[in-house]
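# Secondary and tertiary structure notes
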Amino acid sequence: KAYHRFFITMSSPPRSPTPRLSESEGEDLFADNMADDYQPVPELDTLEGEPGITREEAAELTADQRAAAEAEMNERDRGVKRRHEETQDDEDGGQGRRRMSRRIEQEDDAFDDEDGLDSLTDFKITPGQPLPDQVARAIKRSFEKFLLEFCRRGETEAAYHDVIARMAEKYSQSLPVRVEDLVEHNTRLVLQLAEFPSVLLPLLHEAALGVVHGQYPTYDSKSEVFVRLVDFPVEDKIRSLRGVNVNTIVHIVGVVTKRTLVLPELRELYVDCAKCGYRLGPFFITDSNDDIRPGDCPECGSRGPFKANREDSLYRNYQKITLQEAPGSVPPGRTPRAKEVILTADLVDKVKPGDLVQVVGTYRIIYSTLTAVRNRFPVFDTVIEANNVVNRATTSLQRITDSDFDRLNEMANSRGIRAKIIRSIAPSIYGNEHAKTALCMAMFGGVAKQGDQGHRLRGDINVLLLGDPGCAKSQMLKYVEKSFHRVVYTTGKGASGVGLTASMKRDYATGEWTLEGGAMVLADSGLCLIDEFDKMNEQDRTSIHEAMEQQTISISKAGLVTTLHARCAVVAAANPILGRYDPQKTFMQNVDLTDPILSRFDVLCVLRDEVNSVNDERMADFIMASHMASHPTNPVTVKRLFASREAEDVMDQEDLQKYLLYARTLNPVASDAHTAVVNEFYAEIRRVAHASGGINIGVRHLESILRLAQANARMELREQVIQQDVNNAIATCLESFIQTQKYQVAEELRKRFARFLVRADDDYELLHWLLMREYRAAVSMAMDMDQDPDGASVNRADFARIAGEYEMATDEYLASSLFKEVFFLSGEKIKKIIVE
């Protein structure tokens, strides 16, 4: 370095002084005619090259002309230097140095070809050996060519031109590059990159920075550009990482459970000499030079001490997260494994605890004294230095193409989409339409409101499933866990109060108390599923009161006073007190839950295992078809036959997930035109609730109607709440209230509030309900007359007359699949299908 040459020069013996000429022998430069040397001479005061070029004309050169001129001058200087070295070799007789210089020039020419690395079939990086400069330059040129010229198949424009433009517009440091594109450009480069990322990634970063500066000169020259690898093809498991993966690229998926503060990481160090104040540096901090030794001071020759200059040194962001295996990927009987991931630069704070993320990074080893002492052996800890971190939920929404949006909008405009979506919720479970409707409402959710004074109203919909054993409550929760993009599943016995809210833990590295979020914090902006809700302790249930309504968790422990967000919907499942639900008792007598916790649930669903011969036969047939369709040894044709019997006219599950993601981005708005119906219903249901002895109806249930109406609007991808959405919300809330009453009271309430139930459904469902009512009346009349109830029927003309009272026609309904699933036409009689 410069200061080493300085000290070598100072330590060499002094040369003999050159004899000076006397004033009489030399020329006096400060004589009286000194000003004559600066007189203008037009013949000599011209620029080299074309005659007649003035300085003003030369100053008007463009940036490209200046760059071309500088390149020409550099080439001229290299030629002069090469001729000078050859002359020196001829004078010294050194033929070896000249041959080596020629060989290096030939290698440079070989690497300077326009094909780049494609012509080097034996390109390979040797571990422990430095990368030759020629190879490094060729790699950077090849990647620059990739960024500037690469076009995907079927496209004519450069694929990364717009990507670089968006990055520069946002002043971002991350340049996403698809590995698939890089493989198509240069396969060997990708193979070596996967094996030696610490060698090749810095070269790609430098090349990307050069391309960005070339296209956008105003981009900050001190900033860095990082190439982020996207869609890495190979996925590793956290528990499968071994020694062979060290210093290679790994791709893992997991749930973020912990996140540290953002700290500054030193990247360029400057030091000041304590004796003379001279500043030395910069010293670049890398993994291979943790021990920085400045050496001697070039100014005073002192060997120290040196003091770090914290003002001029450069830093970058540094953060650690803990990534744990996703619940669905843990093998049976095993505990989930975790791994620390280091985030730097603009990757910090990109994910939060509870996010399901995928990480692409370098698997490294670090020395830990604590680990070595514990194992009494030089054992190392391992971390992953992240190159890219992607949130799975964000990625899922971004991957919805324009054709997908068009198809989803077309589906939303189709007839009966609401009923189709409800049938698509847990399609392998028979019946339970009210429970499926409630789960559907929770998954679509309402819209949160933020008041001017800081008051916030939640938009998430809480649901409680209470029922007899064997009614598929846990199965429905598991379906939601698999289908929704952000879910935390827990059980009442397996979760405590702090496990659901937040806990205080001491950080082993710093010794400070830190907060670690529980299930409801991790489920922020998602769903928190709690099975066996009745098995929780009362103290633990009380701890989630604030989280269910205000959607915050207040902490005041160990000197920390803070508030955490828990903006999630709670879907809980519980069993009655005596194991089975008794319809002769009220809801409060069947469940061991208090009014404060029950009032926080928007929808209550009672699942009863009733004895009904017709329904039992149909359920048995459905379950058998489900088992046959899922059997691994059945032929494909048999599977399709049983699958068609198992679930008819349901939405594809992948389309349903895309539909959910799209619908939750909408914010439907309610208008004042719907207040009259809501006010009428609320006033009447309050009077009935006070007299019937069921659950109490309060202001929270009025807010629930608004949230349910917005969820119904989202189901049809609408930005405006219409009257039909309000009717469906009232019907859901009313059905929830009726199911919690005694059997006799429930039947009276159904008759009393029939007008609200009728308003809720579309034409087909309303006609189906009217036909079922007339058929039940016909069966009751046949039994009173001691006739066979299986022969009961409804006259087609009478049914058409009843439908006419609601201004509806019956011809299209009688030809629909909904009618043919339960009834059939026999002449002018409508009869029900009897399963034998």
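Glancing now at the overall build of the protein chain. Broken down by element type, the protein chain carries 33 helices and 24 strands. Taking all 836 residues of the protein chain together, the buried fraction comes to 40%. At a minimum sequence separation of 6, the contacts of the protein chain that also span at least 24 residues come to 70%. As displayed, the protein chain offers around 47,800 Å² of accessible surface, 51% of which is attributable to carbon and sulfur atoms.

Leu464, Met520, Phe533 and Phe587 are the most contacted members of the largest nonpolar core, which has 104 residues in total. Tallying contributions element by element places helix H14 (residues 433-444) first for this core, with 8 residues. Here phenylalanine 533 is in contact with Leu464, Arg541, Ile544, Ala572, Ala573, Ala574, Leu593, Ile597 and Phe601, once residues within four sequence places are set aside. Formed by 38 residues, the second largest nonpolar core is a distinct cluster that contains Ala168, Leu175, Val177 and Leu229.

Let us look at the sheet that holds strand S24 (residues 829-832). The strand order S22-S24-S23 describes an open sheet built from 3 strands, whose pairing is antiparallel. Sheet topology places strand S22 (793-795) and strand S23 (823-826) at the edges, where each strand pairs with a single neighbour. Ignoring strand direction, the axes of neighbouring strands in this sheet form an average angle of 30°. Along the sheet, helix H31 (residues 796-805) makes contact with S22, S23 and S24, crossing S22 at roughly 65°.

Another point: the packing of helix H13 (residues 417-424) against H14. It is the contact of H13 with H14, at a shortest axis distance of 9 Å, that shows an interaxial angle of 100°. Judged on the interaxial angle alone, H14 and H13 are roughly perpendicular. Every residue of H14 that contacts H13 at Arg418, Ile421 and Ile422 is listed here: Glu433, Lys436, Thr437, Cys440 and Phe444. Residue classes in the contact of H13 with H14 are distributed as 4 nonpolar, 1 polar and 3 charged.

Glancing now at the packing of aromatic side chains. Summed over all chains, the structure comprises 8 aromatic pairs. Judged by centre distance (5.9 Å) and plane angle (90°), the ring pair of phenylalanine 533 and phenylalanine 601 falls under edge-to-face. Of this pair, phenylalanine 533 sits in the loop between strand S17 (527-531) and helix H18 (538-542) while phenylalanine 601 sits in the loop between helix H21 (595-598) and strand S21 (603-607), placing them 68 residues apart in sequence. Among the residues examined, phenylalanine 601 registers a relative accessible area of 1% and is labelled buried. Judged by centre distance (5.9 Å) and plane angle (75°), the ring pair of tyrosine 775 and phenylalanine 823 falls under edge-to-face.

Below, the discussion takes up a nonpolar patch on the surface. Where nonpolar side chains cluster on the molecular surface, the patch consists of Ile365, Tyr367 and Phe380 and spans about 320 Å² of accessible area. Residue placement: phenylalanine 380 occurs in the loop between helix H10 (369-375) and strand S10 (381-391).

Before going further, it helps to examine the pairing of strand S14 (residues 487-491). Consecutive side chains of a regular strand alternate in pointing toward one face of the sheet and then the other. A one-sided burial pattern is seen for S14, the buried positions being Val488 and Thr490 and the unburied ones Val487, Tyr489 and Thr491. Note: S14 against S17, 5 bridges, orientation parallel. Paired with valine 487 across the bridge in S17 is leucine 527.

It is worth spelling out the packing of helix H25 (residues 675-692) against helix H27 (residues 723-739) at this point. The geometry of H25 relative to H27 is characterised by a closest axis approach of 11 Å and an angle of 5° between their N-to-C directions. By the angle class used here, H25 and H27 are roughly parallel. Contact with H25, carried on its side by Val677, Val678, Phe681, Ile685, Val688, Ala689 and Ser692, involves Gln723, Val726, Asn727, Ile730, Leu734 and Phe737 of H27 and no other residues of that element. A per-class count over the contact of H25 with H27 returns 10 nonpolar, 3 polar and no charged.

It is worth spelling out the pattern of salt bridges at this point. When the charged atoms of two side chains lie near each other, side chains of opposite charge can form a pair. Evaluation of the coordinates by the stated rule reveals 33 salt bridges. Note that arginine 279 and aspartate 312 form a salt bridge whose closest N and O atoms lie 2.9 Å from each other. One end of the pair, arginine 279, is in strand S5 (residues 279-284); the other, aspartate 312, is in the loop between strand S6 (306-308) and strand S7 (314-324), with 33 residues separating them in the sequence. A salt bridge links arginine 718 to glutamate 716; its shortest N-O distance comes to 2.9 Å. Residues joined by salt bridges that share partners form a network here, namely Arg458, Glu549, Asp602, Arg700, Glu703 and Arg707.

For glutamate 516, the position within the fold is in strand S16 (residues 513-517). In contact with glutamate 516, other than residues within four places in its own chain, are Thr257, Ala502, Ser503 and Lys505.

This part takes up the sheet that holds S21. Spatial ordering of the open sheet is given by S14-S17-S20-S13-S21, a layout of 5 strands whose pairing is parallel. Each edge of the open sheet carries a strand with a single partner, namely S14 and S21. For this sheet, the mean inter-axis angle between neighbouring strands, taken without regard to orientation, is 15°. Summarising the sheet, S17 and strand S20 (residues 569-574) pair through 4 bridges and their orientation is parallel. Note that in S20 the partner of leucine 529 across the bridge is valine 571. On top of the sheet, H14 reaches strand S13 (463-467), S17, S20 and S21; it is set at about 150° to S21, its chief contact.

Quick look at helix H12 (residues 402-412) now. For H12, the complete set of buried residues consists of Asp404, Leu408, Met411 and Ala412. Angularly, the buried residues of H12 cover 100° about the axis, an arc narrow enough to put them on a single face. Opposite the buried face of H12, at more than 90 degrees from it, the exposed residues are Asp402, Asp406 and Glu410.

This part takes up the confidence of the model for the protein chain. Mean pLDDT over the protein chain works out to 78, with 80% of the residues at or above the 70 mark. Confidence drops under a pLDDT of 50 for residues 96-121, and excluding neighbours within four residues, the segment shows 28 contacts in the predicted structure. Scored below 50 in pLDDT, residues 637-647 shows 18 contacts in the model against residues more than four places distant or in partner chains.

Parameters at a glance
Numbers given to residues run from 1 along each chain, matching the order in which its sequence is written. Residues qualify for local features only when their pLDDT is at least 70, as the model is predicted, and side-chain atom pairs are given and counted only at 80 or more; totals for whole chains, interfaces and linings, by contrast, use all residues. Calculation of side-chain values draws on the structure's entire complement of heavy atoms; hydrogens and water are dropped beforehand. By definition, any uninterrupted DSSP run of H or I lasting at least four residues is a helix, any uninterrupted run of E lasting at least two residues is a strand, and each is numbered from the N terminus. Here's how the labels work: a residue is buried when its accessible area is under 20% of the maximum for its type, exposed when over 50%, partly exposed in between, all with a 1.4 Å probe on protein chains only. Throughout, a contact is declared for two residues whenever any of their heavy atoms are within 4.5 Å. Exposure was quantified through the Shrake-Rupley algorithm and a 1.4 Å probe, taking into account, for residues, occlusion by the shown protein chains and nothing else. Here, nonpolar core refers to any group of buried Ala, Val, Leu, Ile, Met, Phe, Trp, Tyr and Cys residues whose side-chain atoms link them within 4.5 Å. We treat two strands as partners when DSSP finds at least two bridges between them. Note on method: axes are straight lines fitted to C-alpha atoms, helices fitted across the in-contact stretch only, with angles between N-to-C directions ranging 0 to 180 degrees. Convention used here: angles under 35 degrees read as roughly parallel, angles over 145 as roughly antiparallel, angles from 65 to 115 as roughly perpendicular, and any remaining angle as oblique. Under this grouping Gly is polar, as are all residues other than the nonpolar Ala, Val, Leu, Ile, Met, Phe, Trp, Tyr, Cys and Pro and the charged Asp, Glu, Lys and Arg. Two rings from Phe, Tyr or Trp (for Trp, the six-membered ring) form a pair when their centres sit within 6.5 Å of each other. Planes less than 30 degrees apart are called stacked, planes more than 60 degrees apart edge-to-face, and all others tilted. Only residues whose relative accessible area exceeds 30% and that take part in no salt bridge are eligible for patches, with like-charged residues grouped when within 9 Å of each other and nonpolar side chains (Val, Leu, Ile, Met, Phe, Trp, Tyr) grouped when within 5 Å. Criterion for a salt bridge: a side-chain nitrogen of Lys or Arg within 4 Å of a carboxyl oxygen of Asp or Glu. Directions from the helix axis toward the C-beta atoms define the arc. Per residue, pLDDT captures the predictor's confidence, and it can take any value from 0 to 100.

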